[in-house]
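What the coordinates show
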2 protein chains.
Amino acid sequence: MIQLVILGAGNLATHLVDAVLKAPNLQLKQVYNHRPESLKAFENKVQVCSKIEDLANADIYILALKDDAISATARFFENSEALVVHTSGGVEMKVLAHLRNYGVFYPLQTFSRSRAVDFSKIPVCLESNSEKNLDKLKQLAISLQAPIYEVDSQQRKSLHVAAVFVNNFSNHLFSLGAEICKENQLPFEILKPLITETTAKLEELNPREAQTGPALRGDQKTIESHLSQLGGTKNEIYKLLTKSIIEFHGKKL
Amino acid sequence: MIQLVILGAGNLATHLVDAVLKAPNLQLKQVYNHRPESLKAFENKVQVCSKIEDLANADIYILALKDDAISATARFFENSEALVVHTSGGVEMKVLAHLRNYGVFYPLQTFSRSRAVDFSKIPVCLESNSEKNLDKLKQLAISLQAPIYEVDSQQRKSLHVAAVFVNNFSNHLFSLGAEICKENQLPFEILKPLITETTAKLEELNPREAQTGPALRGDQKTIESHLSQLGGTKNEIYKLLTKSIIEFHGKKL
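These notes cover the structure that comes with them. (Residues numbered from 1 in each chain as written. Chains lettered and ligands numbered in written order. Predicted model: local features only at pLDDT ≥ 70, side-chain atom pairs only at ≥ 80, totals over all residues. Heavy atoms only, no water.)

Now for the overall build of chain A. Regarding its fold elements, chain A presents nine helices and eight strands. In terms of overall dimensions, chain A has a C-alpha envelope of 65 × 40 × 30 Å along the principal axes. Sequence separation of at least 24 residues holds for 53% of the intrachain contacts in chain A that already meet a minimum separation of 6. Of the roughly 11000 Å² of accessible surface on chain A, 47% is carried by carbon and sulfur atoms. Each charge class in chain A can be summarised by its mean position, and for the 29 positive and 28 negative side chains these summaries are 3 Å apart. (Helix = DSSP H or I, 4+ residues; strand = E, 2+ residues; numbered from the N terminus. Contact = heavy atoms within 4.5 Å. Areas by Shrake-Rupley, 256 points an atom, 1.4 Å probe, with all protein chains shown as cover. Lys, Arg positive; Asp, Glu negative; His and termini not counted. Charge placed at Lys NZ, Arg CZ, Asp CG, Glu CD.)

Structure representation (structure tokens):
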């Protein structure tokens, strides 16, 4: 049985708490946050704590905190033998290097509070200062049934950037598509099967093979017609992504 | 029983032929293409024709052709009473206005030859010169079990642009994500659950609500760290989409 304390009360902490409570080999001893009012949602599930001096003993402390808060919070564990990990894609492991046992437990997924997540489908990127601690993190990931990847700090930073491209930026393109629909009295529903198929294709094709459209075809007439319909930032985005597709696929207009 | 001839041999024509052959109320009389070698894949399924003078009689002729070929091919039908439709998102219906009965049958989906499609999940955008012809197109769509939308030429052009944003451009972002993985010795597999969740979220949330990430949070430190890792066009894309997210959500850095 691995004993855990989760520090944080954001989207990741919330989903992690629920997943840990369901996992048979994990015992969640406490959830910590410095703001008592943020702990209200956890009170019925688990012991809560808003004073860091009152933290319970545990094998692993998971700092599911904002990037800026990791370093300051970690200072509290300087004399601890426990394994302390952060969960951030963008923060190097070395911010914890003043501790005895440390690492990173980075679940590569997008978390919204209102939407349930299934950890068995979330790749967890692990890094640690020793093989022994890495094994502990693997046990934790296995208990959550999560796919495991060993990823060093440099790789994780790159992965975090890649995640922005495939998730944040794609979702924003969906927002712009929805806006175009609205401006033309069309329901966004009409685009959803296309969006679903865009990602479903990746089961069979890699994205390079799956690419279609006027930029790939070098269809200058359609590109110009589209640009004439777009103003402002949408026009800039259309131009730049068209240029990027042409570059990427080694074609010239 | 609606009798059809499909003109074209590309991805859409190929999938449309298969769907029509399966539909109980539709009879596919012929597939036409001016290049006999492009018809080889159809020979075992249906009568083929490469001379436009030899076209069979039908109720509806579907011009599943490249945008540039629609107008020239349509000239052949100037004295015909049959309903002639094109399938293009970017071409106005009026290019067929010299015909007696005409319209548009635009399936809003991305088609790759190697990937099966299910027409019951493809919104079909219909437009026609008369109510009677529109009804015929509705019957055709119903026979394919496709969801039906009445969409005029201006709306369809906008929809075509929106489709480029949500499909072509998103898929390209997936390509860039895959490239970042490769450059860092990481398998693209690691990003797939995130990509799947990005679109699955839209079942519950609209894309504005589903947005997450450093641009939305105004997290300048992470944005700068990401930009320092990116060169060339990826750097430009990161900057522009970050700017667009901030604009769209009405936030300032």
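Bringing the side chain of Asn-167 of chain A into the picture now. Tracing the chain through its elements places Asn-167 of chain A in helix α4 (residues 153-183). A polar contact of 2.8 Å, which involves the side chain of Asn-167 of chain A, links it to the side chain of Thr-198 of chain B. (Polar contact = N/O pair within 3.5 Å; in protein donor to acceptor, adjacent residues only side chain to side chain.)

Let us look at the sheet that holds strand β2 (residues 26-32) of chain A. Residues and elements named next belong to chain A. Reading across the sheet, the eight strands line up as β3-β2-β1-β4-β5-β6-β7-β8 and stay open at both edges, with mixed pairing between neighbours. Edge positions in the sheet fall to β3 (48-49) and β8 (148-150), since each of these pairs with one other strand and no more. Both strand β5 (residues 83-86) and strand β6 (residues 101-107) contribute to a ladder of four bridges, which runs parallel. Looking at β6, one finds that Val-84 is bridged to Tyr-102. (Pairing = 2+ DSSP bridges.)

With that out of the way, let us pick up the nonpolar core. By size, the foremost hydrophobic cluster in this structure holds 116 residues, and its most contacted members are Leu-7, Phe-165 and Leu-191 of chain A together with Leu-7, Phe-165 and Leu-191 of chain B. Excluding residues that lie within four positions of it along the chain, Phe-165 of chain A makes contacts with Ser-170 of chain A together with Leu-173, Leu-176, Ile-180, Leu-230, Lys-234, Ile-237 and Tyr-238 of chain B. (Core = buried A, V, L, I, M, F, W, Y, C linked by side-chain atoms within 4.5 Å. Buried < 20%, exposed > 50% of the residue type's maximum accessible area, 1.4 Å probe, protein only.)

With the rule as written, the count across this model stands at 30 salt bridges over all chains. For Glu-197 of chain B, the salt bridge identified is with Arg-115 of chain A, shortest N-O distance 2.7 Å. Taken together, the residues Glu-197 of chain B in helix α5 (residues 192-200) and Arg-115 of chain A in the loop between β6 and β7 (124-128) connect one chain to another. Residue Glu-197 of chain B shares its accessibility class with Arg-115 of chain A, and that shared class is buried. Between Lys-243 of chain B and Glu-236 of chain A there is a salt bridge, with the nearest N and O atoms lying 3.0 Å from each other. (Salt bridge = Lys/Arg side-chain N within 4 Å of Asp/Glu carboxyl O.)

Turning next to the relation of the copies chain A and chain B. Between chain A and chain B, the superposition needs a rotation of 180° and an axial shift of 0.0 Å, giving an RMSD of 0.0 Å. Accordingly, the operation relating the two chain copies is best matched by a two-fold axis. Residue Ser-170 of chain A of chain A places its C-alpha closer to the rotation axis than any other residue of that unit, at 2.5 Å. When the interface residues of chain A are mapped onto chain B, 100% of them again lie at the interface, so the same face is used by both copies. (Least-squares fit on C-alpha atoms with pLDDT ≥ 70 in both.)

Facing 87 residues of chain A, the contacting portion of chain B comprises 87 residues. A buried area of about 8500 Å², summed over both sides, lies between chain A and chain B, and 65% of it is on carbon and sulfur atoms. On the chain A side of the interface with chain B, the three residues burying the most area are Arg-115, Phe-165 and Val-166 of chain A, jointly 9% of the side's total. Counting across the interface, chain A meets chain B through eight salt bridges. Notably, a salt bridge pairs Lys-221 of chain A with Asp-68 of chain B, separated by 3.5 Å at the nearest N-O pair. Applying the counting rule to chain A against chain B returns 37 residue pairs in polar contact (both at pLDDT 80 or more). Only α2 (67-74), α4, α5 (192-200), α6 (207-210), α8 (220-229) and α9 (232-248) of chain A provide two or more residues apiece to the side of chain A that touches chain B. The element best represented in the side of chain A that touches chain B is α4 of chain A, accounting for 27 residues. (Buried area = accessible area lost by both parts, 1.4 Å probe.)

Let us look at the environment of Val-5 of chain B. Residue and element names in this part refer to chain B. Examined against the element boundaries, Val-5 turns out to sit in strand β1 (residues 2-7). Overall, Val-5 belongs to the buried group, its relative accessible area being 0%. When the C-alpha positions of Val-5 and Gln-154 are compared, they lie 27 Å apart, and in sequence the two are 149 residues distant.

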